[in-house]
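# Results of the structural survey
Now for the letters of each chain:
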Amino acid sequence: MRSLTVASRHPGAAFSTRRRPLLHPAAAGRDSTFQRCWRWEKTQDSSFGSSLRTSRLPRTVHGDILKNLLAPTAGAVSVEQAEAIADLPKGEMWSVHKFGGTCMGTSERIHNVADIVLRDPSERKLVVVSAMSKVTDMMYNLVNKAQSRDDSYIAVLDEVFDKHMTTAKDLLAGEDLARFLSQLHADISNLKAMLRAIYIAGHATESFSDFVVGHGELWSAQMLSYAIQKSGTPCSWMDTREVLVVNPSGANQVDPDYLESEKRLEKWFSRCPAETIIATGFIASTPENIPTTLKRDGSDFSAAIIGSLVKARQVTIWTDVDGVFSADPRKVSEAVILSTLSYQEAWEMSYFGANVLHPRTIIPVMKYNIPIVIRNIFNTSAPGTMICQQPANENGDLEACVKAFATIDKLALVNVEGTGMAGVPGTANAIFGAVKDVGANVIMISQASSEHSVCFAVPEKEVALVSAALHARFREALAAGRLSKVEVIHNCSILATVGLRMASTPGVSATLFDALAKANINVRAIAQGCSEYNITIVLKQEDCVRALRAAHSRFFLSKTTLAVGIIGPGLIGRTLLNQLKDQAAVLKENMNIDLRVMGIAGSRTMLLSDIGVDLTQWKEKLQTEAEPANLDKFVHHLSENHFFPNRVLVDCTADTSVASHYYDWLKKGIHVITPNKKANSGPLDRYLKLRTLQRASYTHYFYEATVGAGLPIISTLRGLLETGDKILRIEGIFSGTLSYIFNNFEGARTFSDVVAEAKKAGYTEPDPRDDLSGTDVARKVIILARESGLGLELSDIPVRSLVPEALKSCTSADEYMQKLPSFDEDWARERKNAEAAGEVLRYVGVVDVVNKKGQVELRAYKRDHPFAQLSGSDNIIAFTTSRYKDQPLIVRGPGAGAEVTAGGVFCDILRLSSYLGAPS
Ligand SMILES: NC(=O)c1ccc[n+]([C@@H]2O[C@H](COP(=O)([O-])OP(=O)(O)OC[C@H]3O[C@@H](n4cnc5c(N)ncnc54)[C@H](O)[C@@H]3O)[C@@H](O)[C@H]2O)c1
Ligand SMILES: N[C@@H](CCO)C(=O)O
Ligand code: NA
């Protein structure tokens, strides 16, 4: 696979390749790596080629000239080597290699190629080579210049000469060098004469051009052959125009004539029995012996055809990538090299933009089950990818059924709809006839069996013509209402999932669509042929990379990648960031969960990252690299990062305005996790709207830490409800702060001291009056009440406030804390009254589900009551239900504090990961 470039499916531009812009800044940083991994193949039918092929001379005239010109190279096999061999040597002993232009780029590389060939222990080796890199383009260029009567073709030809002369001088010596240079001189002077003729005529025929261009291969084959001979191994070179016979079969395509080629090959072998043969790639002859080429990827094709003619043991295509990737590694950093691919899979992959091997390259070898191995010449330790009949590593699991993913961008969907199509033969014919008439290429087609609509994808640049043609073709049907519309959906992409064994394995498509649904990706159209090698999905172009990553991670790594945005790096937020920092590597290693904090937003500044903030330095970076906080920009940054299929915002503020955005975030497909109680205890209609939206979508909203911090309160309640238990009453101490205060308000201690201590310990809300006023507990009661199905508002809960009337008007938490000691006397009195009765004070909340009520109050409990036994910031929550009627289900433990709360939020993040497909 040389590039994962999407080739346009336009008939005329079928094989042009274009380098895509780098998509991932992280990938840009690794440029050197993927330079190596993703080579951009030179285009052999470059723009020069097409213009050259338009003018034609009568075959007989220039055919003769060319036959004569061919004569000098026909002597490539030395007479001394000629020896009659009765049978063409075939079978297991042949190993075929193909080295592309990059492999043959310099004398050093040619030397390296020679080494690789010599190291192959096969009895017989046939090595197909391309021209040195850039030479084919230079050759087309000089023909183009000559036919446009541009004198500078001579300079280009000199350049070509110099390049080969310098390389040969580096590589060869003595007689070999002299022989090569004399051939080179002869060829160049022939070419000069020929180009001069083209210059005078002002045009070149396709055959003239092919003849000129093919010299690149003739020279590289000779140089390699001499280089191998230098080591003492007999080696001949083959001008494949003598052997390979092909017939033109349409625009830019040829069909090999296997029978004729086999005969000629037999003849060639009878003259030259060498065990190591270097053959020219790309070039061939017509049945009339007129030089031609095998067009794009021609050398791969040459190797495959020759491989099939000699029934080779294996065809190795040497290139500059380690093998075929499971997806474009620029888009999916976790893409893996596939050890095997079936012929059909390789075929599908190349069609879908992964330039694995041109499909036609596979046809000749497939017939004889000859494996093709793609290997990296710059990394010979990599085993490469073997394309063969049956993938070798079958382990029967679902994941192995899907081999790879590919994408095609810049498409439009066309939808032709109407009731008049059903049961009317010829509708499809009329639609696609109109499409053909404007020369557009149809990439996928989908029609439901109701026959109510036909939907198909074409390249975006062709859709305007297609739409106009369809409107013209169906004007009457549209006017009469037999067709309701011809609709175009722009900016689409295709995601293709490829795998031979999808056909026989249930659940593949379910898994695929599940991964997409969880990444909140909308599927516009689907196509799967009955071969089931491929499931094609059309989606919005902006979703394409995310879809690719979601699907890839689901099948290949089960790695759930989650982009996390953290809002409010206060006590809980920063504790969570530290916990994430400590645990991220373990999660990645053991659970295949890749958590990336893409941004941290405080109230004044925010820090954004495209690949994930370095959590060992987030605090410093939030100082030095931050920008002014802007929540819209922050959310946009997270949602527009298409490299991460799943996004979650973690709201660690206590802010009502932040909470008011949850609805929009969920709507955008961003999951929300929070310890902030404001959304669930705010206005009931808003809460219900939020829950309704979330329940109807694939987005998740988790808020375990809003009640009892890290204690499993919400999840316990959910478990009871979802399994059909009936909640009768929930009663408990829900405030860590107030629990701490009353557990420690003993002996000589003053109330204000203990409050200050709770604040210092991180139990209180940012403003401790939220705790002391009972509002915080009331919010928790509301959250649990609503969770239990009660439609209560915060104002429905009677609350006993512990904030003295005089302090309610304090403008800040600090002022409140300063003034609090003046009320210590009052508190001491209340406590003593309780103690006199053998009781303790506890601040409790009640959800009375039976009577649909909630309540928050300060109560006195006997010393032996479970509520009197608490310590620290313990919460205790008792669920009385139909099943737990006599003895309530009790959850108890620290219900406030940085570590336990952040731990509860972290737990929600992992819960989300497992909902998204992380292993349990
Ligand atoms: N402390 C606990 O034990 C505990 C337990 C359960 C739940 N909670 C909840 O956790 C949340 C955080 O509590 P905390 O103790 O960390 O509070 P905190 O005051 O230490 O942190 C809140 C942070 O949010 C920032 N912030 C406020 N508004 C913002 C905005 N609009 N945009 C960006 N940032 C904003 C603040 O600057 C601050 O850094 C609260 O909702 C609280 O109810 C806390
Ligand atoms: N301030 C809260 C934090 C936990 O929600 C408490 O004291 O319980
Ligand atoms: Na909890």
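Residues numbered from 1 in each chain as written. Chains lettered and ligands numbered in written order. Predicted model: local features only at pLDDT ≥ 70, side-chain atom pairs only at ≥ 80, totals over all residues. Heavy atoms only, no water.

- In the annotation of an unreviewed UniProt entry, the entry for the protein chain reads Bifunctional aspartokinase/homoserine dehydrogenase 1, chloroplastic, and the organism field reads Zea mays.
- Taken from UniProt, the Cofactor (unreviewed entry) comment for the protein chain reads in full: "a metal cation". (UniProt positions renumbered as here; feature names shortened; annotations may be inferred.)

### Considering the site of ligand 2
- Surrounding ligand 2, one finds 13 residues, the nearest of these being Lys677, Gly736, Thr737, Tyr763 and Glu765.
- With respect to ligand 2, the side chain of Lys677 contributes an N or O atom lying 2.6 Å from an oxygen atom.
- With the chains in place, 94% of the 250 Å² that ligand 2 exposes on its own is no longer accessible.
- Contributing elements (two or more residues each) for the shell around ligand 2: helix H29 (736–744) and helix H32 (775–787).
- By residue class, the composition of the shell around ligand 2 is three nonpolar, five polar and five charged. (Near = heavy atom within 4 Å. Polar contact = N/O pair within 3.5 Å; in protein donor to acceptor, adjacent residues only side chain to side chain. Areas by Shrake-Rupley, 256 points an atom, 1.4 Å probe, with all protein chains shown as cover. Helix = DSSP H or I, 4+ residues; strand = E, 2+ residues; numbered from the N terminus. Nonpolar A, V, L, I, M, F, W, Y, C, P; charged D, E, K, R; others polar.)

### Points about unusual backbone geometry
- At Asn369, a position not held by glycine, the phi torsion is positive, near 55°.
- Position of Asn369 among the secondary structure elements: in the loop between helix H14 (359–367) and strand E11 (372–376).

### Some thoughts on the coordination of the sodium ion (ligand 3)
- Protein-derived coordination of the sodium ion (ligand 3) comes from Glu704 (O), Glu704 (OE), Val707 (O), Ala709 (O) and Leu711 (O), at a distance range of 2.2 to 2.5 Å.
- All donors of the sodium ion (ligand 3) belong to a single chain; written as a sequence motif, their spacing is E-x2-V-x1-A-x1-L.
- The buried category is assigned to Val707, whose relative accessible area is 0%.
- The class of Leu711 is buried, set by a relative accessible area of 11%. (Donors = N, O, S within 2.8 Å, 3.2 Å for Na, K, Ca; no water. Buried < 20%, exposed > 50% of the residue type's maximum accessible area, 1.4 Å probe, protein only.)

### As for the site of ligand 1
- As a structural note, the neighbourhood of ligand 1 is formed by 26 residues, with Ile572, Ser603, Thr653, Glu765 and Gly897 the closest of them.
- A distance of 3.4 Å separates an oxygen atom of ligand 1 from a polar atom in the backbone of Gly570.
- A distance of 3.0 Å is found between a nitrogen atom of ligand 1 and a backbone nitrogen or oxygen belonging to Gly762.
- Coverage of ligand 1 by the protein chains reaches 81% of its 830 Å² of free accessible surface.
- Here the residues of the shell around ligand 1 sort into 13 nonpolar, 10 polar and three charged.
- Both domain 2 (560–708 + 907–915) and domain 3 (714–896) contribute no fewer than three residues apiece to the shell around ligand 1. (Domains from an automatic or database assignment.)

### A short note on the environment of Ser715
- Among the secondary structure elements, Ser715 is positioned in helix H28 (residues 714–722).
- Among the residues examined, Ser715 registers a relative accessible area of 27% and is labelled partly exposed.
- Note: C-alpha distance between Ser715 and Phe702 (13 residues apart in sequence) is 9.7 Å.
- One polar contact links Ser715 to Glu704, side chain to side chain, over a distance of 2.8 Å.

### Points about the packing of H28 against H32
- As a packed pair, H28 and H32 sit with axes 10 Å apart at the nearest point and diverge in direction by 20°. Between H28 and H32, the angle is such that the two are roughly parallel. Helix-helix and strand crossings are classified by hand; for H28 and H32 the assignment is right-handed. Across the interface between the two elements, Ile714, Leu717, Arg718 and Leu721 of H28 pack against Ile783, Leu784 and Glu787 of H32.
- Looking at side-chain class alone, the contact of H28 with H32 contains five nonpolar, no polar and two charged residues. (Axes fitted to C-alpha atoms, helices over the stretch in contact; angles between N-to-C directions. Parallel < 35°, antiparallel > 145°, perpendicular 65-115°, else oblique. Left-handed = near helix turned anticlockwise from the far one by under 90°. Contact = heavy atoms within 4.5 Å.)

### Here we look at the pattern of salt bridges
- Applying the stated criterion across every chain, the model contains 35 salt bridges.
- The partner of Arg596 in a salt bridge is Asp594, with the nearest N and O atoms 2.9 Å apart. The same class applies to Arg596 and to Asp594, which are both buried.
- Between Asp908 and Arg911 there is a salt bridge; the shortest N-O distance is 3.0 Å. Highlighted residues: Asp908 and Arg911, both in helix H35 (residues 898–915), separated by three residues, approximately one helical turn. (Salt bridge = Lys/Arg side-chain N within 4 Å of Asp/Glu carboxyl O.)

### A few points about the pairing of strand E9 (residues 314–319)
- For E9, the buried fraction is high: six of the six residues fall into the buried class.
- Neither face of E9 is left uncovered, since the one carrying Gln314, Thr316 and Trp318 and the one carrying Val315, Ile317 and Thr319 both have all their residues buried.
- In this structure, E9 lies alongside E11, joined through five bridges in parallel fashion. Bridging from a neighbouring strand, Thr319 pairs with Asn376 of E11. (Pairing = 2+ DSSP bridges.)

### Some points on the packing of aromatic side chains
- A full pass over the atoms with the stated rule returns 16 aromatic pairs.
- Judged by centre distance (5.4 Å) and plane angle (40°), the rings of Trp94 and Phe269 are tilted. Of this pair, Trp94 sits in strand E1 (residues 94–99) while Phe269 sits in helix H11 (residues 258–271), and the two are 175 residues apart along the sequence. In this structure, Trp94 and Phe269 share a single accessibility class: buried.
- When the centroid spacing of 6.3 Å and the interplanar angle of 50° are considered together, the rings of Phe742 and Phe751 count as tilted. This pair shows no difference in class: Phe742 is buried, exactly as Phe751 is.
- Pairwise contacts between aromatic rings join Tyr662, Trp665, Tyr701 and Tyr703 into one cluster.
- Positioned over the ring face of Phe745 is Arg831, at 4.6 Å from the centre of the ring. (Phe/Tyr/Trp six-rings, centres within 6.5 Å; stacked < 30°, edge-to-face > 60°. Lys NZ or Arg CZ within 6 Å of the ring centre and 35° of its normal.)

### Focus: the sheet that holds strand E28 (residues 853–862)
- Spatial strand order, E28-E27-E26-E29-E30: five strands in an open sheet with antiparallel pairing. The outermost strands of the open sheet, each flanked by one partner alone, are E28 and strand E30 (889–894). Across this sheet, the average inter-strand angle for adjacent strands is 20°, counted without regard to direction.
- The sheet contacts of helix H34 (residues 824–836) involve strand E27 (839–848) and E28, and relative to E27 the element is tilted by about 90°.

### Points about the sheet that holds strand E3 (residues 236–238)
- As summarised here, the arrangement of the eight strands in space is E3-E6-E2-E1-E9-E11-E12-E10, forming an open sheet in which the pairing is mixed. In this open sheet, the two strands that pair with only one neighbour each are E3 and strand E10 (340–342). Sheet twist, expressed as the average angle between the axes of neighbouring strands with direction ignored, equals 20°.
- Here H11 sits on the sheet and contacts E1, strand E2 (124–129), E3 and strand E6 (276–280); the angle it forms with E3, its principal contact strand, is near 160°.

### Some thoughts on the pairing of E6
- Of all five residues in E6, five are buried, a share of seventy percent or more.
- Residues Thr276, Ile278 and Thr280 of E6 are buried on one face, and the alternating residues Ile277 and Ala279, pointing to the opposite face, are buried as well.
- Sheet topology note: the E2/E6 ladder contains five bridges and is parallel. Paired with Val128 across the two strands is Ala279, which belongs to E6.
- Across three bridges, the pairing between E3 and E6 is parallel. By the bridge assignment for E6, Trp237 is matched with Ile278.

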